[in-house]
Amino acid sequence: MGMTIRIDPIADETPVVLPEPLSFGRVFTRRMFSERFEAGRGWHDPVIGPYRPLNLDPGAQILHAGQAIFEGTKAYLRADGRLNLFRPDANALRFNRSAARMAMPALPSWRFIESIEALVRLEHEWAPSAAGASLYIRPVMIATEATFEVRAAREYTHFVVLSPAGPFFASGFEPIAVQVAEEHIRAARGGTGAAKTPGNYAASLAAIEASRARGYQQVLWLDAVERRFVEEAGAMNVAFVYDGREIVTPSLSGSILPGITRDSILQLAPDLGFPVHEARLDIDTIVADVDAGRITEAFCMGTAAVVVPIGRIGHRGLDHRVGGGNAAPVARRIYDALTNIQYGRADDPYGWTRVIEVNVPAPARAVA
Ligand SMILES: Cc1ncc(COP(=O)(O)O)c(C=O)c1O
C-alpha cells in the first residue's frame, strides 16, 4: 500500500518554539494533510501543505446535513527523539465505523495511518517534551458537495491537523467533580452515540455549560431510555473501582463511544492485578456504593486526558465524595502503566505502539 503525497512549501520554515504553557487544542502546527473524494473516482490528490482555512461552499452538506466525523489520537515523544503513535489502527477502524453510520465513504485504514505518519514526520518538532504533553492528531472527514437535498453527499474532504497539547486538565492528576445529567441525554441507542460525529458534541454542550456553572468539570451521562444507567463522563468513558481492586465500566450499549483508552485499560488492568467487568451500572447503586465506601475510586478514560480520577459526583442536588479524598491509587497505577507504554518508557507487550522515525536527533530539537 502507499500513496504519493504532494508536499507543498510553507512560508515559515523558522525553528519551532512551542508556546508556554501549552493548553489543549488551541495551537495548530504549520502544515495540514488533505485529500478529496468523489463518488465514482474515490480518494485522490493527497497533499500536505500550509495549515489554512478550508475552502468551503456555503451549500456544502457538512453545514446543512451535518455529515462529518473525526478522530483523536496522539504522537508521544520518546526519550530517543522518535515518536510513538498509539493504536492508530484502532482509530482507523472507528473512523470507518463512524463513516458507515453517517453514510460517508470508507477510508482505507492504510490511507488513514499514512496520512498521519507523513504529517507527523514533517511536523515532529511540534511534539512537546514536557511530562504528560503530546502532539494531538485530529483526522476529520466532511461532506463538501453543495446541495440542500437530504441524502448522502457525493463529495468529501479528509484532512488531518495537529496540535501540541499540554496535559488535558490544568490541574493534572487532581480529581474532578462530575454532575449526573438529569435533564439532557447525550445519545440514544440506534442514534449516533457510538460514532465520533460532531453532532453528539453539539448536543452535549448545553448540559456541560450548565454543570460548569454549578462548579462541576464534567457531566455524567445516563442512558436515554430509563435515565438510570451510567454511560459516559463528558467526552470520556468512565469506570468505578470496588474495594480498591475490582474495576467496573458500563458495557458498550450502542450509545456509548467505544473508547480506545477504555479498550486498552480493559486489556491492561487485569495484567496489573485489577480485574475488569463490563456491566449495566445503575446510578442509584453507584451513588449508594460510593456513600458506603465500597466504591473507593472512580475515573474517566480518554485519549486527551488518559485517566482522570473523579473525586465528587453530584446527583439530585447532593454531592457524593468518592473514596474519602484518597489519591486514587488504582487510577494512578493504570495511568502510569499506560503512559509508560505510550511514551516508550516501558515494553509494549500488546503491540500497541508504532514508532515514527524522524531525521533530527533528540538534542537538536527546539524545546520552549
Ligand atoms: C464521547 C467520547 N467518549 C469517549 C471517548 C474516549 O475515547 P478514546 O479513548 O478513544 O479517546 C471520547 C474521546 O474520543 C469521546 O469523545
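We now turn to the structure provided with this report. All values reported here derive from a predicted model rather than from experimental measurement.

**What about the site of the ligand?**
Around the ligand, a shell composed of 15 residues is seen, among which R94, Y201, E232, T261 and T303 lie nearest. In this structure, an oxygen atom belonging to the ligand sits 2.6 Å away from a side-chain N or O atom of T261. Between T303 and the ligand, the recorded distance is 2.6 Å, taken from a side-chain N or O atom to an oxygen atom. Compared with its free state, where it exposes 380 Å², the ligand has 96% of that area covered by protein. Counting only elements with at least two residues in the shell around the ligand, the list comes to α4 (260-271) and β15 (295-302). For the shell around the ligand, a count of residues per class yields 6 nonpolar, 5 polar and 4 charged.

**Overview of helix α1 (residues 88-101)**
A rise of 1.5 Å per residue sets the reference length of α1, with its 14 residues, at 20 Å; its end C-alpha atoms lie 20 Å apart and thus fit the reference within 8%. Turning to α1, its buried residues are P88, A90, N91, A92, R94, F95, N96, S98 and A99. A positive phi of about 55° marks A103, the residue just after α1.

**A look at the pairing of strand β14 (residues 276-279)**
As a general feature of sheets, a regular strand has side chains that alternate between the two faces. Bridge count for strand β13 (residues 246-250) against β14 is 4 bridges, and the pairing is parallel. Within the sheet, the bridge partner assigned to T249 lies in β14 and is E278.

**Focus on the nonpolar core**
Grouped together as the largest cluster of nonpolar side chains are 37 residues, with contacts concentrated most on V120, I137, M141 and Y156. Among the elements that make up this core, the one with the highest residue count is helix α2 (residues 109-122) (6 residues). Setting aside chain neighbours within four positions, we find Y156 in contact with E35, R36, F37, W43, Q67, A103, M104, P105, M141, I142, A143 and T144.

**Some words on α4**
Since the α-helix turns once every 3.6 residues, residues separated by three or four places project in the same direction. Compared with the 16 Å implied by 1.5 Å per residue over 12 residues, the 17 Å span of α4 between its first and last C-alpha is a close match. Inspection of α4 places I260, T261, R262, S264, I265, L268 and A269 among the buried residues, and these make up the whole buried set. Downstream of α4 by one or two residues, G273 has phi in the positive range, about 95°.

**Overview of the pattern of salt bridges**
Enumeration according to the criterion identifies 24 salt bridges in this entry. The closest approach of N and O atoms between E357 and R82, which form a salt bridge, is 2.7 Å. Of this pair, E357 sits in the segment after β18 (353-356) while R82 sits in the loop between β5 (73-77) and β6 (83-86), and the two are 275 residues apart along the sequence. We classify R82 as partly exposed; its relative accessible area is 25%. E278 serves as the salt-bridge partner of R262, at 2.7 Å between the closest nitrogen and oxygen. With a gap of 16 residues between them, R262 in helix α4 and E278 in strand β14 connect regions that are remote in the sequence. On the basis of relative accessibility, which here comes to 4%, the residue R262 falls in the buried class. A residue is classified by how much of its surface remains accessible, and E278, at 45% relative accessible area, is partly exposed. A network of salt bridges, in which partner residues are shared, links R78, D80, R82 and E357.

**Concerning the environment of G66**
Here G66 is to be found in the loop between β3 (42-50) and β4 (68-70). By relative accessible area, which is 30% here, G66 ends up partly exposed. Apart from the residues lying within four places of it in its own chain, the contact partners of G66 are Q61, M102 and T197.

**Observations regarding the packing of aromatic side chains**
Applying the stated criterion to the full structure yields 9 aromatic pairs. Between F24 and Y136, the ring centres sit 5.1 Å apart and the planes meet at 75°, which makes this aromatic pair edge-to-face. Residue F24 is located in the loop between β1 (6-7) and β2 (31-38), and its partner Y136 is located in strand β7 (residues 134-143); the two are separated by 112 residues in the primary sequence. According to the relative accessible area criterion, F24 is partly exposed, its value standing at 26%. We classify Y136 as buried; its relative accessible area is 9%.

The rules we used
Residues numbered from 1 in each chain as written. Predicted model: local features only at pLDDT ≥ 70, side-chain atom pairs only at ≥ 80, totals over all residues. Heavy atoms only, no water. Near = heavy atom within 4 Å. Polar contact = N/O pair within 3.5 Å; in protein donor to acceptor, adjacent residues only side chain to side chain. Areas by Shrake-Rupley, 256 points an atom, 1.4 Å probe, with all protein chains shown as cover. Helix = DSSP H or I, 4+ residues; strand = E, 2+ residues; numbered from the N terminus. Nonpolar A, V, L, I, M, F, W, Y, C, P; charged D, E, K, R; others polar. Expected span 1.5 Å × (residues − 1). Buried < 20%, exposed > 50% of the residue type's maximum accessible area, 1.4 Å probe, protein only. Pairing = 2+ DSSP bridges. Core = buried A, V, L, I, M, F, W, Y, C linked by side-chain atoms within 4.5 Å. Contact = heavy atoms within 4.5 Å. Salt bridge = Lys/Arg side-chain N within 4 Å of Asp/Glu carboxyl O. Phe/Tyr/Trp six-rings, centres within 6.5 Å; stacked < 30°, edge-to-face > 60°.

No statement about biological role is implied by the geometric values presented.
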